[in-house]
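Fold and contact review
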Amino acid sequence: MVDRRLLLKSAAGLAVATSLGITGIARAHEWEEIPLWPGPPPGRGGVTGPEKIGSEGAGFGAVSNVSTPRMRVYRPNHPNGRAVLICGGGGYFRIQLWKESTPAAQWLQNRGYTVFELIYRLPNDGWEAAAPFADAQRAMKIVRTRAAEFSVRPDAIGILGHSAGGHLAGFTALQPGRKLYDGTDHFEAASARPDFAALLFPVVSLRKPFNTRTRKEIIGENADRAAEDAWSLDTYAAKGAPPMILFSSVDDPTTPPAHNLALFEALRRAGASVEMHIFADGGHGWGLGAPDQTLSQWPELFATWLDTRMTDKK
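Anyway, here's the lowdown on the structure attached to this text. (Residues numbered from 1 in each chain as written. Predicted model: local features only at pLDDT ≥ 70, side-chain atom pairs only at ≥ 80, totals over all residues. Heavy atoms only, no water.)

Another aspect to go through is the overall build of the protein. Within the protein, the secondary structure is distributed over eight helices and 11 strands. On C-alpha atoms alone, the protein measures out to a radius of gyration of 18 Å, which is about the 20 Å that the 2.2 N^0.38 rule sets for 314 residues. Put simply, the protein has 314 residues, and 56% of those count as buried. Look at the contacts in the protein between residues 6 or more apart in sequence, and 78% of them connect residues 24 or more apart. For the protein, the exposed area adds up to about 12,900 Å²; of that, 53% sits on carbon and sulfur atoms. One way to put it: in the protein the 34 positive side-chain charges average out to a point 3 Å from where the 32 negative ones average out. (Helix = DSSP H or I, 4+ residues; strand = E, 2+ residues; numbered from the N terminus. Rg over C-alpha atoms; globule rule 2.2 N^0.38 Å. Buried < 20%, exposed > 50% of the residue type's maximum accessible area, 1.4 Å probe, protein only. Contact = heavy atoms within 4.5 Å. Areas by Shrake-Rupley, 256 points an atom, 1.4 Å probe, with all protein chains shown as cover. Lys, Arg positive; Asp, Glu negative; His and termini not counted. Charge placed at Lys NZ, Arg CZ, Asp CG, Glu CD.)

Structural data, given as structure tokens:
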């Protein structure tokens, strides 16, 4: 019987290589996995049954029922000293690996970035709402602590997220010091603050009239304004925020540009470093995009933007 995980892993790699026109070149290292916690993860809740991988429809290649939060590490053949923690979207009820986070991870890996693809706990599976945010903080701390091991500069570790994963990445960037769990091992001495952040079609606001699956899973459909504000990214815009680049498409029915515009304006008013790109079309969940779409330029735009930020930093 064909192993479904291996099939999805191979299919994702082939899809990325084909879209980039790099078939036939030497492959970078296969991914490896690092658990986030030495034992049972902190917080309330848990899952029943095995982890699931979607096999059809919009959920194809998406993971859910996560009991063991972890990172998949994509090591490049020639490290450029930069690392990116990637959070796929999925409304906090699944994580879009095959369509979103894995293609981005492999694109970056093939350009010298060391990439950590986050497989985080999901409230819809039975974990408390804070669980994915605790996992993201912990992941950032592990990457920073082990930076030298991965040939990564400790001041060049960023985060990138899609949709709900963009909400997770943004919250981690803007609230890195939020106490979400009790930890005492050596990783906890490191900062969870990323040095840069990229948010693709993210959920920014949990306020009405926006009615996203993220809102339902994190604060509930009948939450009050205080809860809406507490989990909306623009609430925490500050001058000391990490440099951010934001991407949206005009015809996105799930997270229209109003989400990113709210964050962009809040960060701009606060005096933070922020850049935003709005593409004419692409809808929602576009991953790397198709070659004939303008939005397929976003990876190069991100890389160029980051080059500028790192030069400024030096």
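Moving on, there is more to tell.
Time to look at helix α2 (residues 97-109). Here α2 is 13 residues long, yet its end C-alpha atoms lie only 15 Å apart, well below the 18 Å a rise of 1.5 Å per residue gives. Maximum bend of α2: about 25°, positioned at proline 103. Counting buried positions over the 13 residues of α2 gives 11, a clear majority of the element. Turning to α2, its buried residues are Leu97, Glu100, Ser101, Thr102, Pro103, Ala104, Ala105, Gln106, Trp107, Leu108 and Gln109. (Expected span 1.5 Å × (residues − 1). Bend = angle between axes of the 7 residues up to and from the residue.)

To continue, consider the pattern of salt bridges. Applying the stated criterion across every chain, the model contains 22 salt bridges. Where arginine 138 meets aspartate 185, a salt bridge forms, and the shortest distance between an N and an O atom there is 2.6 Å. Of this pair, arginine 138 sits in helix α3 (residues 131-145) while aspartate 185 sits in the loop between α4 (164-174) and β9 (197-200), and the two are 47 residues apart along the sequence. On the accessibility criterion, aspartate 185 (28% relative accessible area) is partly exposed. Here arginine 215 ties to glutamate 228 by a salt bridge, and the two come within 2.7 Å at their closest N and O atoms. Residue arginine 215 is found in helix α5 (residues 213-218), and its partner glutamate 228 is found in helix α6 (residues 225-230); the two are separated by 13 residues along the sequence. By the burial criterion, arginine 215 is buried, and glutamate 228 matches it. The network of salt bridges with shared partners includes Arg207, Arg215, Arg225, Glu228, Asp229 and Asp234. (Salt bridge = Lys/Arg side-chain N within 4 Å of Asp/Glu carboxyl O.)

Now for a nonpolar patch on the surface. The grouping of Val250, Leu261 and Ile278 at the surface amounts to a nonpolar patch, some 250 Å² of accessible area in total. With respect to the element layout, leucine 261 can be found in helix α7 (residues 258-270). (Patch = residues over 30% accessible without salt bridge, like charges linked within 9 Å, V, L, I, M, F, W, Y side chains within 5 Å.)

A separate point is the pairing of strand β4 (residues 70-74). Taken across its five residues, β4 has five buried, putting it largely inside the fold. Sheet analysis places strand β1 (residues 32-35) next to β4, joined by four bridges and oriented antiparallel. Directly across from glutamate 33, in β4, lies its bridge partner arginine 72. The pairing of β4 with strand β7 (residues 114-119) spans five bridges and is classified as antiparallel. From the neighbouring strand, valine 73 faces β7, where its bridge partner is phenylalanine 116. (Pairing = 2+ DSSP bridges.)

With that out of the way, let us pick up unusual backbone geometry. In the segment running from lysine 208 into proline 209, the intervening peptide bond is cis, with an omega of 15°. Along the chain, proline 209 falls in the loop between β9 and α5. One non-glycine residue, serine 163, lies in the positive phi region at around 55°. Within the element layout of this structure, serine 163 appears in the loop between β8 (157-162) and α4.

Turning next to the sheet that holds strand β3 (residues 62-64). Strand order in the open sheet made by the three strands is β2-β3-β6, with antiparallel pairing throughout. Strand pairing shows two members of the sheet lacking a second neighbour, β2 (52-53) and β6 (95-96), which therefore form its edges. In this structure, β2 lies alongside β3, joined through two bridges in antiparallel fashion. Across the sheet, lysine 52 pairs through a bridge with serine 64, a residue of β3.

Turning our attention to the sheet that holds strand β10 (residues 244-249). If you trace the eight strands from one edge of the open sheet to the other, you get β1-β4-β7-β5-β8-β9-β10-β11, paired in mixed fashion. For this open sheet the edge positions go to β1 and β11 (274-279), each flanked by a neighbour on one side alone. On average, each strand axis in the sheet is inclined to that of its neighbour by 20°, with strand direction left out of account. Against the sheet, α7 contacts β9, β10 and β11, and its axis sits at roughly 155° relative to β11. (Axes fitted to C-alpha atoms, helices over the stretch in contact; angles between N-to-C directions.)

A word on the nonpolar core. Met71, Leu118, Met244, Leu263 and Leu267 are the most contacted members of the largest nonpolar core, which has 63 residues in total. Apart from the residues within four sequence positions on either side, leucine 263 is in contact with Leu174, Leu199, Val204, Leu233, Asp234, Met244 and Leu246. Counting residues in each nonpolar core, the second largest holds 27 residues, with Tyr74, Leu200, Phe302 and Leu306 among its members. (Core = buried A, V, L, I, M, F, W, Y, C linked by side-chain atoms within 4.5 Å.)

Moving on, we come to the packing of aromatic side chains. The tally for this structure, following the rule as stated, stands at 16 aromatic pairs. When the ring of phenylalanine 116 is compared with that of phenylalanine 150, the centres are 5.1 Å apart and the planes differ by 90°; the resulting orientation is edge-to-face. Taken together, the residues phenylalanine 116 in strand β7 and phenylalanine 150 in the loop between α3 and β8 connect sequence positions 34 residues apart. Here phenylalanine 116 and phenylalanine 150 have matching classes, each one buried. One aromatic cluster is present, formed by Tyr92, Tyr120, Phe133, Phe171, Trp231 and Tyr236 through successive ring pairs. The cationic tip of arginine 72 hangs over the ring face of tryptophan 31; the distance from NZ or CZ to the ring centre is 4.1 Å. The ring of tryptophan 127 carries the charged tip of arginine 121 above its face, separated from the ring centre by 4.8 Å. (Phe/Tyr/Trp six-rings, centres within 6.5 Å; stacked < 30°, edge-to-face > 60°. Lys NZ or Arg CZ within 6 Å of the ring centre and 35° of its normal.)

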